[in-house]
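Results of the structural survey
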Amino acid sequence: AKQAGKNGYHLFDVAKDIAVKTQRETLEHIRIALDKKEFVLFYQPKVNMRTGEIIGVEALVRWQHPQQGLVPPAKFLPVIEDHPLSIELGDWVIDEALNQIERWQAQGLKMPVSVNVGALQLQRSDFAARLADQLLAHPQVPPTFLELEIVETSALKDIAEVADLMRACCALGVHFAVDDFGTGYSSLTYLKRLPADLLKIDQTFVRDMLEDPDDLAIVKGVIGLANAFHRRVIAEGVETIAHGELLIPLGCELAQGYGIARPMPASELPQWALQWQPDAAWRNLA
Ligand code: C2E
Ligand code: MG
Ligand code: MG
Ligand code: MG
């Protein structure tokens, strides 16, 4: 690299300057957006494809940008991934999810909510204490209605520490799910040591399992692991009837995906929940 020409360095530095500047500006915009309450949670149902039970919803953050409209998390979460702002946003997400459970409860809808927790948020030493405060501030909400989704890779950094933290949260009554399961590195050790009740099969495997035998093998493997370790398992990215028809006989009846419902605003969920029914092809599978 030392041999690179002057111009090479120059161009590289300019590109880097622009990237740093853009990053700084985006951070500043996100900080302002938090103050202006421009973030909003959408909710995607998680169901039992065979029985038709709605087991809960996953909260997914969006940025309701005044000019750009609804901005997906992929556009702004990576920018704040390693920044304290991600902790602030994470706190807001949990708080808002608890508020929403309360609002639905007031409408007569009992709806557990799962929330994604980022790596930085999870590594914070006062995470459990903060969570306890937030639950105390929502005395109407059963703590078991809150589920935290963590990704394999974030917890792998210090598995003993993360396991301790998770146990502290479990003692409060909340549950854990491992998100994007199968995409990380050492699933077995992970599973053995982490108190997570639910494994979420990553959507990339589900999407391709009908065409790609390797992906099908991974799906089957995760279902087998879940059974062996007495964890529940849910398939993400169920987009078609055929996906469900393959999953149900394999022993994976829980699912989430566009084939069931897209993430929706909180206001639309009660109506959706009233009218949703699983496909007849799913109901008839044992
Ligand atoms: P995730 O937690 O794995 O969430 C599932 C993502 O897959 C969501 O994208 C959802 O809209 C999308 N999805 C659901 N069903 C289907 C399907 O059938 N097909 C396809 N192609 N996609 C489907 P979204 O909302 O854009 O979120 C992307 C990721 O951003 C999430 O992946 C999660 O890792 C992260 N994220 C979202 N909200 C939060 C949050 O509040 N905090 C943190 N830390 N991360 C979040
Ligand atoms: Mg998730
Ligand atoms: Mg996922
Ligand atoms: Mg994901």
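These numbers come from a predicted model, not from an experiment.

Cut-offs applied
Residues numbered from 1 in each chain as written. Chains lettered and ligands numbered in written order. Predicted model: local features only at pLDDT ≥ 70, side-chain atom pairs only at ≥ 80, totals over all residues. Heavy atoms only, no water. Donors = N, O, S within 2.8 Å, 3.2 Å for Na, K, Ca; no water. Helix = DSSP H or I, 4+ residues; strand = E, 2+ residues; numbered from the N terminus. Buried < 20%, exposed > 50% of the residue type's maximum accessible area, 1.4 Å probe, protein only. Pairing = 2+ DSSP bridges. Near = heavy atom within 4 Å. Polar contact = N/O pair within 3.5 Å; in protein donor to acceptor, adjacent residues only side chain to side chain. Areas by Shrake-Rupley, 256 points an atom, 1.4 Å probe, with all protein chains shown as cover. Nonpolar A, V, L, I, M, F, W, Y, C, P; charged D, E, K, R; others polar. pLDDT = per-residue confidence, 0-100. Axes fitted to C-alpha atoms, helices over the stretch in contact; angles between N-to-C directions. Parallel < 35°, antiparallel > 145°, perpendicular 65-115°, else oblique. Left-handed = near helix turned anticlockwise from the far one by under 90°. Contact = heavy atoms within 4.5 Å.

1. Some details on the coordination of the magnesium ion (ligand 2)
Ligation of the magnesium ion (ligand 2) by protein atoms is provided by Glu58 (OE), Asn116 (OD1), Glu149 (OE) and Asp179 (OD), these donors lying 2.0 to 2.2 Å from the ion. In the primary sequence, the donor residues of the magnesium ion (ligand 2) line up as E-x57-N-x32-E-x29-D. In this model, the magnesium ion (ligand 2) sits 4.3 Å from the magnesium ion (ligand 3), the two metals being bridged by Asp179. Residue Asn116 is located in strand S4 (residues 113-116), and its partner Glu149 is located in strand S5 (residues 146-151); the two are separated by 33 residues in the primary sequence. Looking at Glu149, the relative accessible area reads 1%, which means it is buried.

2. Brief notes about the pairing of strand S7 (residues 198-201)
What you see with S7 is no split at all: Leu198 and Lys200 on one side and Leu199 and Ile201 on the other are buried throughout. Alignment of strand S6 (residues 175-181) against S7, held across three bridges, turns out to be parallel. When the bridges of S7 are listed, Val178 appears paired with Leu199. Inspection of the sheet shows S7 paired to strand S8 (residues 232-235) by four bridges, in the parallel sense. By the bridge assignment for S8, Leu199 is matched with Val233.

3. So, the site of ligand 1
Around ligand 1 sit 21 residues, and of these Asn116, Asp179, Gln203, Glu239 and Tyr258 come closest. Between ligand 1 and Val61 there is a distance of 3.1 Å, counted from a nitrogen atom to a backbone nitrogen or oxygen. Here ligand 1 loses 80% of its free accessible area of 800 Å² to cover by the protein chains. Among the secondary structure elements, those contributing two or more residues to the shell around ligand 1 are strand S2 (54-65), helix H2 (73-80) and S6. Here the element with the most residues in the shell around ligand 1 is S2; it accounts for four residues. Split into classes, the residues belonging to the shell around ligand 1 amount to eight nonpolar, six polar and seven charged.

4. Topic: the confidence of the model for the protein chain
Averaged over the protein chain, the pLDDT score is 91; the fraction of residues at 70 or greater is 93%. Both scores are available for the predicted complex, with the pTM at 0.93 and the ipTM at 0.98.

5. Brief notes about the pairing of S6
With five of its seven residues buried, S6 lies for the most part within the structure. Examined bridge by bridge, S5 and S6 share five bridges and lie parallel to one another. In the strand pairing of S6, Glu149 is matched with Ala177.

6. Brief notes about the packing of helix H10 (residues 213-228) against helix H11 (residues 241-250)
Between H10 and H11, the least distance of the axes is 11 Å, while the angle of their chain directions is 40°. Judged by the inter-axis angle, H10 sits oblique to H11. You can see that H10 and H11 cross each other, and the crossing is right-handed. Where H10 abuts H11, its residues Leu216, Val219, Lys220 and Ile223 lie against Leu246, Leu247 and Leu250. In terms of residue class, the contact of H10 with H11 is built from six nonpolar, no polar and one charged.

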